[in-house]
Amino acid sequence: MSSQEMSAMVAQTKTTASVIAMCGFMILFDGYDLVVYGVIAPALLKQAEWALDPSLVGRAAALTLFGMLLGAAIAGTLADRIGRKKVVLGSLASFSFMMIASGLAPNFPVFAATRFLSGLGLGALLPTVTALILEFSPAKRKALANSLSFMGYLLGGILSGILGMLLLEHYGWRPLMIIGGAPLLALPFLIKSLPESPDWLAAKGRRAEADAVCDSFGLERVPHQPTTSEKQGVRALFAEGRLALTLNAWAIHFCSLLLTFGMVNWLPTIMNKMGYDISSALLFAIMLNVGAAIGIVIAGRIADRGHVKMTVAVLFAIGAGAIYMLTLKQGVFMYALVALAGAGTIGTQILSNVLVGRFYPVQIRGTGLGFSLAVGRLGGMAGPLIGGAVLQRGLAPEWNFYIFAIAAVVGCALTALTFLHGTTEKGDVVVH
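Residues numbered from 1 in each chain as written. Predicted model: local features only at pLDDT ≥ 70, side-chain atom pairs only at ≥ 80, totals over all residues. Heavy atoms only, no water.

A word on the overall build of the chain. Along the backbone of the chain there are 17 helices and 2 strands. Rg of the C-alpha trace for the chain: 21 Å, near the compact-globule value of 22 Å for 432 residues, within the 12% margin. Here the C-alpha coordinates of the chain stretch approximately 60 × 50 × 35 Å along the principal axes. In the chain, buried positions account for 59% of the 432 residues. (Helix = DSSP H or I, 4+ residues; strand = E, 2+ residues; numbered from the N terminus. Rg over C-alpha atoms; globule rule 2.2 N^0.38 Å. Buried < 20%, exposed > 50% of the residue type's maximum accessible area, 1.4 Å probe, protein only.)

A separate point is the pattern of salt bridges. For the structure shown, the criterion picks out 5 salt bridges. With its nearest N and O atoms 2.8 Å apart, the salt bridge here joins glutamate 209 to arginine 206. Taking the relative accessible area as the measure of exposure, arginine 206 reaches 34% and is therefore partly exposed. Across the pair aspartate 215 and arginine 221 runs a salt bridge whose closest N-O atoms are separated by 2.6 Å. Owing to a relative accessible area of 47%, arginine 221 belongs among the partly exposed residues under this scheme. The network of salt bridges with common partners includes Arg207, Asp211, Asp215 and Arg221. (Salt bridge = Lys/Arg side-chain N within 4 Å of Asp/Glu carboxyl O.)

A full pass over the atoms with the stated rule returns 16 aromatic pairs. When the centroid spacing of 5.5 Å and the interplanar angle of 55° are considered together, the rings of tryptophan 50 and tryptophan 173 count as tilted. Note that tryptophan 50 is positioned in the loop between helix H2 (16–45) and helix H3 (54–82) and tryptophan 173 in the loop between helix H7 (151–171) and helix H8 (174–178), a separation of 123 residues in sequence. Geometrically, the ring pair formed by tyrosine 324 and tyrosine 402 is tilted, given 6.4 Å between the ring centres and 45° between the ring planes. Of this pair, tyrosine 324 sits in helix H14 (residues 308–326) while tyrosine 402 sits in helix H17 (residues 398–417), and the two are 78 residues apart along the sequence. (Phe/Tyr/Trp six-rings, centres within 6.5 Å; stacked < 30°, edge-to-face > 60°.)

For H3, spanning 29 residues, the distance from its first C-alpha to its last is 41 Å, which sits close to the expected 42 Å at 1.5 Å a residue. Measuring from the side-chain oxygen of the N-cap residue of H3 to the backbone nitrogen of serine 55 gives 3.1 Å; that N-cap residue is aspartate 53. Backbone geometry just after H3 places glycine 83 at a positive phi near 115°. (Expected span 1.5 Å × (residues − 1). Polar contact = N/O pair within 3.5 Å; in protein donor to acceptor, adjacent residues only side chain to side chain.)

Although it is not a glycine, alanine 51 adopts a positive phi angle of roughly 50°. Mapped onto the fold, alanine 51 is located in the loop between H2 and H3.

The next subject is the environment of leucine 168. Looking at the secondary structure, you find leucine 168 in helix H7. As for leucine 168 and alanine 43, which are separated by 125 residues in sequence, their C-alpha atoms are 7.8 Å apart. If sequence neighbours within four positions are ignored, leucine 168 has contacts with Val39, Ile40, Ala43, Leu163, Trp173 and Leu176. (Contact = heavy atoms within 4.5 Å.)

Attention shifts here to a nonpolar patch on the surface. Taken together, the side chains of Ile294, Ile298, Ile302, Met310, Val314, Ile318, Leu340 and Phe419 define a hydrophobic patch exposed on the protein surface, amounting to about 690 Å² of accessible area. If you list the elements that add at least two residues to the nonpolar patch, you get helix H13 (278–303) and H14. Looking at where leucine 340 falls in the secondary structure, it is placed in helix H15 (residues 334–357). (Patch = residues over 30% accessible without salt bridge, like charges linked within 9 Å, V, L, I, M, F, W, Y side chains within 5 Å. Areas by Shrake-Rupley, 256 points an atom, 1.4 Å probe, with all protein chains shown as cover.)

Next up on the list: the domain arrangement of the chain. By domain assignment, the chain separates into domain 1 (12–223) and domain 2 (234–431). A separation of 18 Å is found between the C-alpha centroids of domain 1 and domain 2. Listed per partner, the contact involves 54 residues of domain 1 and 48 residues of domain 2. Summing the contributions of domain 1 and of domain 2, the shared interface buries around 4300 Å²; its carbon and sulfur component is 74%. Here domain 1 and domain 2 share 1 residue pair in polar contact (both at pLDDT 80 or more) between them. When residues of the side of domain 1 that touches domain 2 are traced back to their parent elements, those giving at least two are H2, H3, helix H5 (108–136), helix H6 (142–149), H7 and helix H10 (198–203). (Domains from an automatic or database assignment. Buried area = accessible area lost by both parts, 1.4 Å probe.)

Right, here's the structure in full:
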């Protein structure tokens, strides 16, 4: 075989699908590391030497979200300055290391500190990898590509539930945390194989590198655009008529993250309090992610037909209805309702990233996603705190579902407001 033929074969392996797959792998452990906390929460409450109550467990979850807030705010702007690849891989390494540290923590204060530090890496990953996915996806398949990548998040959640059922009773919660450090083993491969975004390279005036990446991965070359026409930094999010749009994006992410992390962190404990044994409660956690996986694939295909806003609004509405129905204790239908709730919470969060990502041009996309997710983390912090407060005060666990259903209704209304803004044929928002 000639060297030219070998080069051709190597080039053929460099496809956008391989980039989406690598992003999906990283997101899998992002999902695992976040969802596993809800899986181990009942075990933490039963660990006698730490003497924890639901409020303390909720605070540790909120600390993770606070770390994610800071990580997202910093990483989005940093990714627009130094590139997507460096920030993505740095965040992956940091949260993987901190997951191992959490599993080895000698006491609760150290455990809570490692959860905060892991949150920094987790928060940095999501907006940056979302920007990378959107910039490597075909124009008419961006929502579906993002949805397929974020199947990794859902698979990570399912994996945490399955491993919890297999390991938690006999080996405790520590092995489940240490498993979250597994991506460190794949880091050398990712450093070598993950490409930089050609859109970012072109925006920085590095045309030759951008063209080389496009040619290697079978992408259309990035059109020539002025590199200085767009303002950069946080101020650009409010310039040129973007003020209302940016504030709306932040509010949508606030609601979607409140729902996601409220349900993810407390669903097993809530169902346990409602009378289900631990195995059944963990099965509900698995069904939450299964429902999100099915829902987001269907929703992604619909969104790519030009209906991103409508799809996000409908998912919020589905979440509101399903969560409210859980308070009625519908017997065997509870599993189906939890699956629908997964589509309306985790699924909504995944697709809202696509919606917000399309609000901004490439020069400030990382910043826009980063700050929107950072503000949204306040909602993500509120979700676990609400769950802990409700249980700590001895209220019926169903009160969590009432509150989460209201948040979903508000999210649906906020998404409806985005219909006031037009879009181009490529899906980018036209601001007025």
